[in-house]
Amino acid sequence: MIELQEIEKVYQSKHQKVVGVDDVSLNVSKGEVYGIVGYSGAGKSTLLRCMNILERPTSGAVLVDGVNLLTLPPKALRTARQSIGMIFQGFHLVASKTVFENVSFALKAAGIDKVARKDRVVELLELVGLSDKINHYPSQLSGGQKQRVSIARALANNPKVLLCDEATSSLDPSTTKSILALLKKINKELGITIVVITHEMEVVKEICQRCAVMQDGRIIEEGPVYDIFSDPKEELTKNFIETVLQFSLPEKLLESCKGTLVKLQFRGKLAEEAIVSDMMQGFRVSANILHGKVEYIQDAPLGIFIMELNGDKDEIEKAIAYLEDRVKQVEVIQNGI
Ligand SMILES: Nc1ncnc2c1ncn2[C@@H]1O[C@H](COP(=O)(O)OP(=O)(O)OP(=O)(O)O)[C@@H](O)[C@H]1O
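Residues numbered from 1 in each chain as written. Predicted model: local features only at pLDDT ≥ 70, side-chain atom pairs only at ≥ 80, totals over all residues. Heavy atoms only, no water.

- Per an unreviewed UniProt entry, the protein goes by the name D-methionine transport system ATP-binding protein and belongs to Virgibacillus salinus.

Quick look at the structure:
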């Protein structure tokens, strides 16, 4: 649905040159939710804005539904843009207009007549759960409600794609969850392709099927969200994963552990098997679980355990070999003292 080919965006001023996006190519498939994650300044917003030519890339090609937007004359580009909705962290609502007028405006701009506009606004507000706020002003709404209005406005002209620029970053955790649930519903029920940029890995975990990690204008890692969570390759990706999975142990606990510390990661069905108790029955070792959780990533389980093994060196080695054989992802984080 969206194909970026070798996108580069350079900001050139009199005294300096800043590379916002540096040679990025990626594909977002029709109907998927795709996440782009990175810290501030990584180039996420610039890249997202290149997808609807709010920002014109310095070089490269932007294909949306097979059409290279960079080759379109202004009028055709304006029409093509109607199939790409966008929402922002700051909502961008017009303060002096009611909810109805804010949503209706997008339809008016697309040349829809008054009667059809009214029906469509009512339908859209129902979809986002705000029918009772139709005559309210933005100042009378909470952050979550404002974002719902901006989602309704973005969907007004039946876009094929919805771009979300840090759409939940200014919302509290429970409002964030409800907005993410709404985005999920829009994706499932309306089949709209969604691209989200965020610095919150939790958002990626919650709604994305695939994601890319950006640093210094480049994509440093990309793949299915489950693979990124269960087997991150880059240090930065590991840091992002850590914010959700939090598998580090407190220093104090680490200091007091005298045994061998092992971290296990169970993918998919393995998370439901009794591997640790099988190991304890098979070998003369004791296992003290220091940390353990099963995280669900798009309904697929990912289990993480950190345990301390005690026993004879030989038995511990055999137990670890057994775990490696069954679990595959085993890391000895401290050898027994
Ligand atoms: N209009 C501009 N003029 C000059 N430099 C810019 C401009 N817009 C962005 N940049 C630079 O491009 C780089 C990427 O910025 P961008 O806003 O895309 O990052 P980001 O990952 O979205 O960060 P944030 O989450 O803080 O917005 C930064 O170094 C930024 O300073």
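**Notes on empty space enclosed by the protein**
Next, step 1: Tallied over the full model, the rule gives one cavity of 30 Å³ or more.
Next, step 2: Each pocket or cavity is described by its volume, and for the largest cavity that value is around 60 Å³.
Next, step 3: Together, Cys-164, Glu-166, Ala-167, Thr-168, Ser-169, Leu-180, Leu-183, Val-196, Ile-197, Thr-198, Glu-200 and Val-203 line the largest cavity.
Next, step 4: Of all the secondary-structure elements, those providing two or more residues to the lining of the largest cavity are helix 6 (173-190) and strand 8 (193-198).
Next, step 5: Take the lining of the largest cavity: its biggest share by element is three residues, from strand 8. (1 Å grid on protein atoms, 1.4 Å probe; cavity = no way out; pocket = protein on both sides within 12 Å on 5 of 7 lines; lining within 4 Å. Points joined across faces, edges and corners; volume = space filled by probe spheres on them. Helix = DSSP H or I, 4+ residues; strand = E, 2+ residues; numbered from the N terminus.)

**Overview of the site of the ligand**
Next, step 1: Near the ligand the following residues occur: Tyr-11, Val-18, Gly-20, Tyr-39, Ser-40, Gly-41, Ala-42, Gly-43, Lys-44, Ser-45, Thr-46 and Glu-166.
Next, step 2: Contact distances for the ligand include 3.0 Å between an oxygen atom and a backbone N or O atom of Ala-42.
Next, step 3: Interatomic distance of 2.9 Å between a backbone N/O atom of Gly-43 and an oxygen atom of the ligand.
Next, step 4: Compared with its free state, where it exposes 630 Å², the ligand has 58% of that area covered by protein.
Next, step 5: Elements with a minimum of two residues in the shell around the ligand: strand 2 (17-28) and helix 1 (44-51).
Next, step 6: For the shell around the ligand, the leading source of residues is helix 1, giving three residues.
Next, step 7: Among the residues making up the shell around the ligand, the classes are represented as four nonpolar, six polar and two charged. (Near = heavy atom within 4 Å. Polar contact = N/O pair within 3.5 Å; in protein donor to acceptor, adjacent residues only side chain to side chain. Areas by Shrake-Rupley, 256 points an atom, 1.4 Å probe, with all protein chains shown as cover. Nonpolar A, V, L, I, M, F, W, Y, C, P; charged D, E, K, R; others polar.)

**Quick notes on the pairing of strand 4 (residues 59-64)**
Next, step 1: Sheet topology places strand 1 (residues 2-12) next to strand 4; five bridges connect them, and they run antiparallel. In the strand pairing of strand 4, Leu-4 is matched with Val-62.
Next, step 2: Where strand 4 lies against strand 5 (residues 67-68), two bridges are found, and the strand directions are antiparallel. What sits directly across from Leu-63, in strand 5, is Asn-68.
Next, step 3: The hairpin turn running from strand 4 into strand 5, its antiparallel successor, is two residues long, and Asp-65 in that turn takes a positive phi close to 50°. (Pairing = 2+ DSSP bridges.)

**Observations concerning the environment of Asn-158**
Next, step 1: Looking at where Asn-158 falls in the secondary structure, it is placed in the loop between helix 5 (143-155) and strand 7 (161-165).
Next, step 2: You can call Asn-158 exposed: its relative accessible area is 57%.
Next, step 3: Asn-158 sits 32 residues away from Leu-190 along the chain, and the two C-alpha atoms are 9.0 Å apart.
Next, step 4: A distance of 3.0 Å separates polar atoms of two side chains, one belonging to Asn-158 and the other to Arg-120. (Buried < 20%, exposed > 50% of the residue type's maximum accessible area, 1.4 Å probe, protein only.)

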